[in-house]
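Observations on chain architecture
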Amino acid sequence: MTNINRKKFLKRIGALGTAAAIAPSLFSIKSSASVHTPINRKIKVGVIGCGSVARKYLPHLTGSPYAEIVSLCDIIPERAKERASEFNIKNWYPHIDKMLAGVDFDLFVNLTNMQEHGRLNRLAINAGKHVWSEKPMANTYNEGLDLLNLAKSKGLRIWGAPAVVNSPQFAFMAQQINQGNLGLISAGHGSYGHQGPTWSSFFYEKLGGSMPDLGVYNIATLTGLLGPAVSVTAILNIISPTRNIDDKGTIKVEEEDNAHILMEHKSGAISHIQCGFNYLDPHGYEGDEIPTLSVIGSRGKMEMIGYDWAPYAVDMATSADQNMRRLATDRGTYKWEEGASVICEYLSTGKEPLINVEHTLHVLEIIEAARKSQETRKRIELMSVFKWPVVS
């Protein structure tokens, strides 16, 4: 169930009380995922958006045994042509209409500017395509919910980034919580920021901002670990009123570049996330082995080492051993750009992914609620839920 009355939701699971914090699997919400018949072949993929994100996605997809990229599209045709030549892809298009009318494919992979995601995803679903969308999958929760319902009505699936729940470090932290090794979970914190991109203006335009670009990772991780949030309180602002963009010069910043978000989880835990485009990060935000996300319980504490989209390990201390020990150091094959490849594996083999569209929508509602909280100076209650725990 994607959207239920808050009173009914609280009544349904409220009787569980502290037991829910000890054994979170007691209040899982059934996923709306439909039964899928595996295609048992390589999934034909069409990718729209051939900019910087595509430089990560395209190598990963071309290396997948479950994917075959058959078409590319970009509003700057030269970019599509260049990527097509680089990755030996026969078909490329300058417009989504031509792409959808062109060579047939199964999965639409949306790597465009975030303000365009909802509109383009709708066009793809109406054309009979499954969708994997970079974050966010829509610009509002209601738009995202409409896309999910539209996909269901056509026997299709839609998923949205980020894929942080796929990492071995997320799995380790979730298992420690589920097994009660940290006791009653009381708090979580995540922080992600840098000095802001300069290669495109959409990060600073309306419906851009640091939350859907950066904070979205920590929101997905902490709700994935601590369970659905029931309310949000936030303070957002703009620290740098103008930005210098590579191809446009000086532009006005229209959406938050500084955000602090407080989430109340049904389990009783409270988590806090901060993100922004005005953070000096002297270590560099890639490849650094520093703690960026933590979970605290009555009998233990865990810290994720490295950003949650590229984690290295987990440091953990408990009441039984109060020295922080470095654990979960195996990074496995996880990459932040693997989402579309994981979906191709599902469509081909039927292996259900951990990435869940209801979770994606919950994260989107939190971002929207944070903006409403800043506007109204009030705590905002949430309606959405998702299947939890993510990792059994």
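**Re the sheet that holds strand β16 (residues 325-327)**
Taken together, the 9 strands give an open sheet; going across it, the order is β16-β15-β14-β13-β7-β12-β11-β8-β17, and neighbouring strands pair in mixed fashion. On the outer flanks of this sheet lie β16 and β17 (380-381), each paired with one strand and no other. Together, β8 (229-237), β11 (258-265) and β17 form the strand contacts of helix α11 (residues 357-376), whose direction differs from that of β8 by roughly 55 degrees.

**A short note on the packing of aromatic side chains**
Within this structure, the stated rule accounts for 13 aromatic pairs. Consider the rings of Y192 and Y307, whose centres lie 4.6 Å apart with planes at 40 degrees: the pair is tilted. You can see Y192 sitting in strand β7 (residues 185-193) and its partner Y307 sitting in the loop between β14 (300-305) and β15 (313-318), a full 115 residues away along the chain. With a centroid separation of 6.4 Å and an interplanar angle of 85 degrees, the aromatic rings of F203 and F277 are classed as edge-to-face. Residue F203 is located in the loop between β7 and α9 (210-226), and its partner F277 is located in the loop between β12 (270-276) and β13 (291-297); the two are separated by 74 residues in the primary sequence. The exposure class assigned to F277 is buried, which follows from its relative accessible area of 1%.

**Looking at the sheet that holds strand β5 (residues 130-133)**
Taken together, the 6 strands give an open sheet; going across it, the order is β3-β2-β1-β4-β5-β6, and neighbouring strands pair in parallel fashion. Each edge of the sheet is formed by a strand with only one pairing partner; in this case those strands are β3 (91-93) and β6 (158-160). Taken over all neighbouring pairs, the strand axes of this sheet differ in orientation by 25 degrees on average, direction set aside. Bridge count between strand β4 (residues 107-110) and β5: 4 bridges; the pairing is parallel. The residue bridging L107 from the neighbouring strand is H130, located in β5. Where helix α4 (residues 77-86) meets the sheet, it contacts β2 (67-73) and β3, and its direction lies at approximately 165 degrees from that of β3.

**Structural notes on the side chain of T223**
By secondary structure assignment, the location of T223 is in helix α9. Relative accessible area serves as the criterion here: at 0%, T223 is assigned to the buried category. In this structure the side chain of T223 is engaged in a polar contact, spanning 2.8 Å, whose partner is the side chain of H359.

**What to know about the packing of α9 against α11**
Running from amino to carboxyl end, α9 crosses α11 at an angle of 120 degrees, the nearest separation of the two axes being 10 Å. The angle between α9 and α11 places the two elements in the oblique class. Note that α9 runs across α11; the crossing there is right-handed. Only H359, H362, V363, I366, I367, A370 and R371 of α11 make contact with α9, whose side of the interface consists of M211, P212, V216, I219, A220, T223 and G224. Among the residues forming the contact of α9 with α11, the class breakdown is 9 nonpolar, 4 polar and 1 charged.

**Concerning the pattern of salt bridges**
Once their charged atoms are close, side chains differing in charge can pair, the charge on each being opposite to the other. Overall, the coordinates contain 17 salt bridges when judged by the stated rule. The partner of D213 in a salt bridge is K135, with the nearest N and O atoms 3.0 Å apart. Remark: K135 occurs in the loop between β5 and α7 (141-153) and D213 occurs in helix α9; sequence separation between them is 78 residues. On the accessibility criterion, D213 (9% relative accessible area) is buried. Within this structure, E82, R83 and E86 form a network of salt bridges that share partners.

**A closer look at the packing of helix α3 (residues 54-62) against helix α10 (residues 339-349)**
Where α3 meets α10, the closest approach of the two axes is 8 Å, and the angle between their N-to-C directions is 30 degrees. Judged by the angle between their axes, α3 and α10 are roughly parallel. Our pair here, α3 against α10, has a crossing hand that is right-handed. Residues Y57, H60 and L61 of α3 form the contact with α10, whose participating residues are A340, S341 and C344. Its residues assigned to classes, the contact of α3 with α10 comprises 4 nonpolar, 2 polar and no charged.

**Concerning the side chain of N218**
Take N218: it is sitting in helix α9. At 3.0 Å, the side chain of N218 and the backbone nitrogen of S191 are in polar contact. When sequence neighbours within four positions are dropped, the list of residues in contact with N218 reads G190, S191, Y192, I273, Q274, L293 and D308.

**Some points on the pairing of strand β9 (residues 242-245)**
Only one face of β9 is covered, namely the face carrying R243 and I245; the face carrying T242 and N244 is uncovered. In terms of strand pairing, β9 meets strand β10 (residues 249-252) through 4 bridges, oriented antiparallel. Within the sheet, the bridge partner assigned to T242 lies in β10 and is K252.

How each quantity is defined
- Residues numbered from 1 in each chain as written.
- Predicted model: local features only at pLDDT ≥ 70, side-chain atom pairs only at ≥ 80, totals over all residues.
- Heavy atoms only, no water.
- Pairing = 2+ DSSP bridges.
- Helix = DSSP H or I, 4+ residues; strand = E, 2+ residues; numbered from the N terminus.
- Contact = heavy atoms within 4.5 Å.
- Axes fitted to C-alpha atoms, helices over the stretch in contact; angles between N-to-C directions.
- Phe/Tyr/Trp six-rings, centres within 6.5 Å; stacked < 30°, edge-to-face > 60°.
- Buried < 20%, exposed > 50% of the residue type's maximum accessible area, 1.4 Å probe, protein only.
- Polar contact = N/O pair within 3.5 Å; in protein donor to acceptor, adjacent residues only side chain to side chain.
- Parallel < 35°, antiparallel > 145°, perpendicular 65-115°, else oblique.
- Left-handed = near helix turned anticlockwise from the far one by under 90°.
- Nonpolar A, V, L, I, M, F, W, Y, C, P; charged D, E, K, R; others polar.
- Salt bridge = Lys/Arg side-chain N within 4 Å of Asp/Glu carboxyl O.

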